[in-house]
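Single-letter residue listing:
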Amino acid sequence: MTDATLSLHEKDRSQMPIEYSTEEGDLRIVGFWIFLAAELVLFGTLFGTYLVLQSHTAGGPTAKDLFEIGPVMAETIVLLVSSFTCGLSTIELRRHNKRGLIGWLLVTILLGLVFVGLEVNEFYTYAVHEGAPLSRSAFLSGFFVLLGTHGCHVSLGIVWIIGILLQLGKRGITPVTARKAFMAGLYWHFLDVVWIFIFTAVYLTGWVI
Amino acid sequence: MIDSVKSFLGWFFVTGDPMIYGADASIALVSIGIVAVLTYFKKWKWLWNEWLTTVDHKKIGIMYIIAALLMLFRGGMDALMMRAQLTLPNMHFLDAEHYNQVFTTHGTIMIIFVAMPFIFGLMNIAVPLQIGARDVAYPFLNALSFWLFFFGAMLFNLSFVIGGSPDAGWSSYAPYAGAEMNPGVGQNYYLIGVQISGIGSLATGINFLVTILKMRAPGMTLFKMPMFTWSILITSVIVVFAFPAFTVALALMTIDRLFGAHFFTIAAGGSPMLWANLFWFWGHPEVYIVLLPVFGIFSEVIATFAHKTLFGYAVMVWSMVAISVLSFITWLHHFFTMGNTAPVNAFFSISTMLIAIPTGVKIFNWLFTLNKGRIQFTTPMLWALAFIPNFTIGGVTGVMLAMAPADYQYHNSYFLVAHFHSTLIAGTVFGIFCGLHYWWPKMFGYMLDEVKGKWSFWIFMISFNICFMPMYFLGLMGMTRRMYTYPAGLGWTPINVVMSIGAAGMGIGFALMAYNIVWSAVRGKKDTTGDPWNGRTLEWATASPAAEYNFAHIPEIKSRDAFAAMKEARAAGHAETVPPYKAIHMPNNTGIPVIMSAFMFIAGFGFVFEWYWMGIPGLIGVVACMIARSFVYDDHHYIPVEKVKQTEAATGRLS
Amino acid sequence: MNGTQKQLKAGFPWKQVIGLILSLTLTFLALWIAVGLSLPVHVTIAIIVSLAIFQAFIQLFMFMHVTEGTEPVHQLMGILFGIYVAFTVVAGTLWILAYAL
Ligand code: HEM
Ligand SMILES: [Cu+2]
């Protein structure tokens with residue numbers, strides 16, 4: 001027997017899913033939520049910046065000139081579906097089904113890779129073919145940095161999940177690996193939420209105004 | 001070939017000024033000296049094992065404080081240089097460009113590398129002890145935060161000798177801070193050095209928020225927490241939600257400068273005012289980040305030395321909660337004069353006056369705590385008592401500045417400079433000195449000398465008033481901020497002379513405090529009880545310094561001022577039943593935080609000079625450290641019962 | 001790992017499927033309102049922003065289990081405060097710099 005570092009009631013935790021089953025897991029997940037809340041402000045700042053600069057095109061291409069419905073919808077659907085498959089992975093986690101968990105996580109990062117590929121292609125088209133790189137105007141600076149930040153987050157998420165897959169393969173579902181998989185899931189859903197707002201505030205608004 | 005090397009070196013190192021060569025020489029000598037001493041006494045291993053790799057919150061706190069004191073020394077030297085330059089009209093001790101650099105580094109260092117880390121240091125020392133915890137929620141992250149701050153500060157300070165200092169003010173306003181008007185690396189140092197330490201601050205905020213929310217000893221409900229812990233809880237909330245905005249602002253300006261984007265430029269549709277907007281969206285909450293913790297310190301100290309429990313506990317708490325919400329909607333008062341529409345200025349004028357209310361309420365709480373108390377004038381108490389009137393002057397002039405139409409008169413004059421020094425010195429600096437004297441025995445096991453402490457207090461406090469009281473009038477007489485020299489015959493000279501005398505006095509007061517620290521290290525009174533002040537909160541229930549695991553038994557809390565209650569119960573003869581010791585679960589030391597931050601430093605240096613061959617490998621190093629950490633599973637150990645018994649016996653608290 | 005932890009039984013993941021269908025529907029609905037209809041600009045924007053907020057809450061509650069944990073009030077308060085500050089920075093920035101738009 002050892003002394004707990006936490007004052008939380010053991011009882012409560014034994015009724016919880018595996019990722020909450022240790023004090024450490026509990027602490028980390030709460031901390032991760034707080035981190036996501038901070039990320040809300042980070043993206044909020046980028047959105048505010050983008051929206052102010054949206055009309056500052058300095059004679060260069062405007063949102064309407066650049067954005068095309070096809071690729072944008074493809075990116076959106078891929079990301080929405082990946083959020084769904086990621087949700088399925090959490091269900092498999094709670095069923096303690098290692099193969100299901102690994103399978104759905106793999107599908108999720110594959111969809112993530114498709115998303116990143118589509119986005120890189122979109123950036124490349126604008127910057128190279130349309131002559132609209134980030135240095136062209138304030139509007140484009142705002143666009144590339146807001147979407148680029150989101151894209152970097154997705155890419156980082158992919159790397160993170162690969163790391164977790166390796167650990168899951170080696171150790172199976174333990175309280176530690178479960179916590180990591182759960183947190184990566186939260187992160188992934190969060191990025192989907194951010195995308196919903198990018199879709200609305202950048203693309204839809206761009207088409208409307 | 002030789003010529004090109006020469007011209008590179010001439011560009012790389014800052015040259016020309018004898019002062020710079022002096023700094024070069026002293027940096028080189030100090031570095032060689034440190035290496036020599038460590039090698040001679042064979043202390044490298046000790047340094048690595050005991051300090052560089054530690055995850056113990058108490059040691060991390062001490063490292064924060066040492067670093068912050070060193071930075072205070074540098075920031076203070078900058079201040080004295082400015083005052084020397086301004087003492088008499090038409091002086092050319094510093095030229096215009098040099099003066100710009102000095103006020104920029106002074107402001108940035110004082111806020112980011114003194115006030116914040118000093119507070120982080122004190123909270124690292126006190127918060128886990130006050131809530132009866134064995135460590136913070138994420139000890140690894142805590143070490144990482146410290147090292148990121150440390151290397152960020154080092155990077156920023158390097159600008160003094162390599163490449164050139166930033167010179168656009170601590171607020172780094174666009175467009176002057178942009179690449180077009182400010183080529184060279186100075187501004188990059190500001191952006192990247194502050195960014196690196198800012199990431200550490202964000203992590204600290206999350207860490208302490210979760211620590212306080214989830215790791216309190218059983219029985220300690222939120223409304224039984226010590227007031228300092230409450231203030232850190234609220235501060236952490238503000239840190240967590242303000243810093244991301246700053247991260248973005250700094251990143252955007254970095255992208256402007258390095259990759260030719262147009263966020264804040266004048267050309268291509270950029271908006272310089274957007275920078276001011278984002279900077280102060282963080283900047284105003286930041287002033288509460290450096291003030292609320294010292295409010296907490298004063299609350300503890302005043303209650304302890306008035307021998308009373310704090311008056312109006314709940315009011316204090318709710319006023320801090322109100323401040324945390326309101327602090328995010330007042331930022332525009334820093335740029336009332338940038339040509340906003342009338343409704344905008346009106347809204348922010350009112351919100352600013354609103355936030356003054358909860359702050360004012362707290363002043364009355366302290367006064368009522370003192371009322372009918374048995375006041376004991378120790379050094380920490382003197383700092384706390386001096387804070388009340390001096391800070392109130394800063395607060396009242398703040399409300400004057402909050403009136404948008406009046407601000408057109410005060411804005412960017414010495415009136416403003418006097419105002420924010422009244423809050424930052426009489427608030428933050430008095431507070432950290434107060435906390436330093438108060439918790440010093442807890443940190444090191446001996447007291448700072450009271451006589452020298454009181455002398456340094458009186459000298460510093462009186463000199464502060466000599467320096468900054470006349471400054472208000474100088475502002476009203478028309479002297480503007482960031483002015484590097486002024487003509488004779490405006491009637492400003494006498495006031496400037498007096499102010500410089502005051503500044504020198506503050507320097508003497510600080511030097512005396514430094515001497516006291518050294519003197520007391522050798523001859524200071526030992527604190528054998530762990531409770532030298534007859535304290536009221538749990539940190540005084542542990543030995544001084546506290547054992548690695550803080551508490552052999554996690555205490556059970558029944559009321560506010562938990563330790564005072566325990567002492568009363570003991571005096572009344574209530575026997576405590578003490579359960580047997582158990583093995584204690586503690587985190588392992590790790591070298592990853594310091595190595596990862598060193599990679600961050602390398603990356604930062606690379607980006608400052610736009611040397612991507614250096615920046616990108618640096619970042620890869622950072623990511624590699626993260627991955628390495630992710631695969632570490634064996635990161636805890638147990639302290640066996642025998643060891644706990646020995647440690648407790650050594651401090652005479654074996655139960 | 002001990003056996004007492006809650007372990008989900010096998011079964012069709014209704015919550016997830018409904019979440020997905022709702023997300024896709026809302027996305028296409030928003031697209032149609034923005035591109036297909038020609039309502040006044042501010043009306044369109046008000047509608048699509050409301051739809052986005054609704055969709056965000058679907059993710060938060062159906063996928064992210066924001067109400068789980070030993071003390072979910074902590075993360076709920078955190079997210080709420082985050083929303084408050086994020087809203088403030090967007091709305092405030094737009095309001096302050098509106099004349100520059
Ligand atoms: C010995 C004590 C101090 C003296 C004599 C002093 C003096 C000065 C002077 C002369 C200026 C420049 C005014 C100008 O040219 O516009 C200045 C600016 C400033 N000081 Fe201090 N100061 C002291 C301590 C502090 C402390 C403790 C802090 C913060 C914790 C602080 C924060 C600042 C800031 C933020 C600025 C503005 C820099 C800028 O304009 O970008 N100072 N101070
Ligand atoms: Cu302010």
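The structure displayed is predicted, hence computed values, not measured ones.

Draft legend 1. The arrangement of the packing of helix H5 (residues 96-130) of chain B against helix H8 (residues 227-259) of chain B in detail. All names here are of chain B. The geometry of H5 relative to H8 is characterised by a closest axis approach of 11 Å and an angle of 135° between their N-to-C directions. By the angle between their axes, H5 is oblique relative to H8. For H5 against H8, the interelement crossing comes out left-handed. Where H5 approaches H8, its residues Ile112, Met116, Leu122, Met123, Ala126, Val127 and Gln130 are matched on the opposing element by Phe228, Thr229, Ile232, Phe243 and Phe246. Across the contact of H5 with H8, the residue classes tally to 10 nonpolar, 2 polar and no charged.

Draft legend 2. Region of the structure containing the coordination of the iron atom of ligand 1. Residue and element names in this part refer to chain B. Surrounding the iron atom of ligand 1 are the protein donor atoms His106 (NE2) and His421 (NE2), which sit 2.0 Å from the metal. Relative to the metal, the 6 donor atoms surrounding the iron atom of ligand 1 lie at angles of 88 to 180°, and the coordination shape comes out octahedral. In this pair, histidine 106 is assigned in helix H5 and histidine 421 in helix H14 (residues 414-444), connecting sequence segments 315 residues apart. Assigned by exposure class, histidine 106 and histidine 421 land together as buried.

Draft legend 3. Spotlight on the UniProt feature "transmembrane region" (unreviewed entry) in chain A. Residue and element names in this part refer to chain A. Annotation from UniProt places "transmembrane region" (unreviewed entry) at residues 30-52, 72-89, 101-118, 138-166 and 186-208. Within residues 30-52, the helical portion is 100% and the strand portion 0%, while the C-alpha atoms at the span's ends are 34 Å from each other. Note that residues 101-118 is 100% helix and 0% strand, and that its end C-alpha atoms are spaced 26 Å apart.

Draft legend 4. Quick look at the interface of chain A and chain B. At the interface, 41 residues of chain A touch 42 residues of chain B. Notably, a salt bridge pairs Asp26(A) with Lys214(B), separated by 3.4 Å at the nearest N-O pair. Along the contact surface separating chain A from chain B lie 10 residue pairs in polar contact (both at pLDDT 80 or more). Among the elements that make up the side of chain A that touches chain B, the one with the highest residue count is helix H2 (residues 23-53) of chain A (16 residues). Within the side of chain A that touches chain B, the residues separate by chemical class into 20 nonpolar, 14 polar and 7 charged.

Draft legend 5. Quick look at the side chain of His419(B). Residues and elements named next belong to chain B. Looking at the element boundaries, histidine 419 is found in helix H14. Engagement of the side chain of histidine 419 in a polar contact is seen with the backbone oxygen of glycine 394, the distance being 2.9 Å. Engagement of the side chain of histidine 419 in a polar contact is seen with the side chain of threonine 397, the distance being 3.3 Å. Discounting residues that sit within four places of it in the chain, histidine 419 has contacts with Gly394, Thr397, Gly398, Leu401 and Tyr472.

Draft legend 6. Inspection of the pattern of salt bridges at higher detail. Summed over all chains, the structure comprises 13 salt bridges over all chains. Here Arg28(A) makes a salt bridge to Glu24(A), at a shortest N to O gap of 2.6 Å. With a gap of 4 residues between them, Arg28(A) and Glu24(A) both fall in helix H2, about one helical turn apart. Taking the relative accessible area as the measure of exposure, Arg28(A) reaches 26% and is therefore partly exposed. One network of salt bridges, with partners in common, ties together Asp26(A), Lys214(B) and Glu71(C).

Draft legend 7. Region of interest: the interface of chain C and chain A. With 55 residues of chain C at the contact, the number on the chain A side is 57 residues. Contact between chain C and chain A buries roughly 4800 Å² in total, counting both sides, with carbon and sulfur atoms accounting for 76%. Our count for the contact surface shared by chain C and chain A stands at 3 residue pairs in polar contact (both at pLDDT 80 or more). Mapped onto the side of chain C that touches chain A, the elements with two or more residues apiece are helix H1 (14-36), helix H2 (41-63) and helix H3 (73-96) of chain C. For the side of chain C that touches chain A, the class distribution of residues is 33 nonpolar, 18 polar and 4 charged.

Draft legend 8. Structural context of the UniProt feature "domain: Cytochrome oxidase subunit I profile" (unreviewed entry) in chain B. In the numbering used here, UniProt assigns the "domain: Cytochrome oxidase subunit I profile" (unreviewed entry) feature to residues 42-558 of chain B. Structurally, residues 42-558 of chain B comprises 68% helix and 0% strand, and the distance from its first C-alpha atom to its last is 48 Å.

Draft legend 9. Here's a closer look at the packing of helix H9 (residues 272-306) of chain B against helix H11 (residues 342-370) of chain B. All names here are of chain B. Their axes nearest at 10 Å, the elements H9 and H11 cross at an angle of 15°. For the element pair H9 / H11, the angle class is roughly parallel. Between H9 and H11 lies a crossing of left-handed hand. Across the interface between the two elements, His284, Tyr288, Phe295, Phe298, Ser299, Ile302, Ala303 and Ala306 from H9 touch Ile355, Thr359, Lys362, Trp366, Thr369 and Leu370 from H11. Classifying every residue of the contact of H9 with H11 gives 9 nonpolar, 4 polar and 1 charged.

Draft legend 10. Examining the site of ligand 1 more closely. Residues and elements named next belong to chain B. Around ligand 1, a shell composed of 21 residues is seen, among which Tyr99, His106, Trp170, His421 and Arg482 lie nearest. One of the side-chain nitrogen or oxygen atoms of tyrosine 99 is found 2.7 Å away from an oxygen atom of ligand 1. One of the side-chain nitrogen or oxygen atoms of tyrosine 414 is found 3.3 Å away from an oxygen atom of ligand 1. If you list the elements that add at least two residues to the shell around ligand 1, you get helix H4 (57-86), H5, H14 and helix H16 (493-523). By residue class, the composition of the shell around ligand 1 is 15 nonpolar, 4 polar and 2 charged.

Draft legend 11. Quick peek at the nonpolar core. Residues Phe67(A), Phe143(A), Tyr203(A), Trp366(B) and Phe430(B) are the most contacted members of the largest nonpolar core, which totals 285 residues. Counting only domains with at least three residues in this core, you end up with domain 1 (1-68) and domain 2 (69-101) of chain C. Not counting residues within four places of it along the chain, the set of residues in contact with Trp366(B) comprises Phe295(B), Phe298(B), Ser299(B), Ile302(B), Leu310(B), Met316(B), Phe387(B) and Ile388(B). Listed in part, the 25 residues of the second largest apolar core include Phe12(B), Leu258(B), Val622(B) and Cys625(B).

Draft legend 12. The environment of Val35(B), seen in detail. Of note, Val35(B) is situated in helix H2 (residues 18-40). Of the residues examined, Val35(B) reaches a relative accessible area of 41% and is grouped as partly exposed.

Draft legend 13. Structural context of empty space enclosed by the protein. All names here are of chain B. One pass over the structure, following the stated rule, counts 5 cavities of 30 Å³ or more. By volume, the largest cavity amounts to about 170 Å³. If you trace the largest cavity, you find 19 residues lining it, with Pro226, Met227, Glu300, Thr537 and Asp561 closest to the centre. For the lining of the largest cavity, the element with the most residues is H9, which contributes 4 residues. A per-class count over the lining of the largest cavity returns 9 nonpolar, 5 polar and 5 charged. The computed volume of the second largest cavity comes to approximately 70 Å³. Taken together, 14 residues make up the lining of the second largest cavity; nearest its centre are Ile112, Met116, Phe120, Ser197 and Ser201.

Draft legend 14. Structural context of the environment of Ser141(A). On the secondary structure map, Ser141(A) appears in helix H6 (residues 138-171). Sequence separation between Ser141(A) and Val128(A) is 13 residues, and the spatial gap between their C-alpha atoms is 15 Å. When neighbours within four sequence positions are excluded, Ser141(A) is seen to be in contact with Leu134(A), Ala261(B), His262(B) and Phe263(B). At 2.8 Å, the side chain of Ser141(A) forms a polar contact with the backbone oxygen of Leu134(A).

Draft legend 15. Structural context of the coordination of the copper ion (ligand 2). Note on the copper ion (ligand 2): its protein donors are His284(B) (ND1), His333(B) (NE2) and His334(B) (NE2). The metal-donor distances range over 1.8 to 2.0 Å. Overall, the relative accessible area of 21% leaves His334(B) in the partly exposed class.

Draft legend 16. Looking closely at the packing of aromatic side chains. Tallying each qualifying case throughout the model produces 94 aromatic pairs over all chains. On the numbers, 5.6 Å between centres and 80° between planes, the contact of Trp160(A) with Tyr187(A) is edge-to-face. Here Tyr187(A) lies in helix H7 (residues 175-208) and Trp160(A) lies in helix H6, a separation of 27 residues in the sequence. Using a relative accessible area of 6% as the deciding quantity, one classes Tyr187(A) as buried. Each ring, one from Phe241(B) and one from Phe81(C), has its centre 5.1 Å from the other, and the planes form 40°; the classification is tilted. With Phe241(B) in helix H8 and Phe81(C) in helix H3, the pair connects residues from two separate chains. An identical accessibility class is assigned to Phe241(B) and Phe81(C); each is buried. Among the aromatic side chains, those forming a connected cluster through ring pairs are Tyr50(A), Phe67(A), Phe115(A), Phe123(A), Tyr126(A), Phe139(A), Phe143(A), Phe144(A), Trp195(A), Tyr203(A) and Trp207(A). The side chain of Arg171(A) reaches across the aromatic face of Tyr633(B), ending 3.5 Å from its centre. Between Lys43(B) and the ring centre of Trp46(B), over which it is positioned, the NZ or CZ distance is 5.1 Å.

Rules behind the numbers
- Residues numbered from 1 in each chain as written.
- Chains lettered and ligands numbered in written order.
- Predicted model: local features only at pLDDT ≥ 70, side-chain atom pairs only at ≥ 80, totals over all residues.
- Heavy atoms only, no water.
- Axes fitted to C-alpha atoms, helices over the stretch in contact; angles between N-to-C directions.
- Helix = DSSP H or I, 4+ residues; strand = E, 2+ residues; numbered from the N terminus.
- Parallel < 35°, antiparallel > 145°, perpendicular 65-115°, else oblique.
- Left-handed = near helix turned anticlockwise from the far one by under 90°.
- Contact = heavy atoms within 4.5 Å.
- Nonpolar A, V, L, I, M, F, W, Y, C, P; charged D, E, K, R; others polar.
- Donors = N, O, S within 2.8 Å, 3.2 Å for Na, K, Ca; no water.
- Tetrahedral: all angles 85-135°; square planar, octahedral: opposite > 155°, others 65-115°.
- Buried < 20%, exposed > 50% of the residue type's maximum accessible area, 1.4 Å probe, protein only.
- UniProt positions renumbered as here; feature names shortened; annotations may be inferred.
- Salt bridge = Lys/Arg side-chain N within 4 Å of Asp/Glu carboxyl O.
- Polar contact = N/O pair within 3.5 Å; in protein donor to acceptor, adjacent residues only side chain to side chain.
- Buried area = accessible area lost by both parts, 1.4 Å probe.
- Near = heavy atom within 4 Å.
- Core = buried A, V, L, I, M, F, W, Y, C linked by side-chain atoms within 4.5 Å.
- Domains from an automatic or database assignment.
- 1 Å grid on protein atoms, 1.4 Å probe; cavity = no way out; pocket = protein on both sides within 12 Å on 5 of 7 lines; lining within 4 Å.
- Points joined across faces, edges and corners; volume = space filled by probe spheres on them.
- Phe/Tyr/Trp six-rings, centres within 6.5 Å; stacked < 30°, edge-to-face > 60°.
- Lys NZ or Arg CZ within 6 Å of the ring centre and 35° of its normal.

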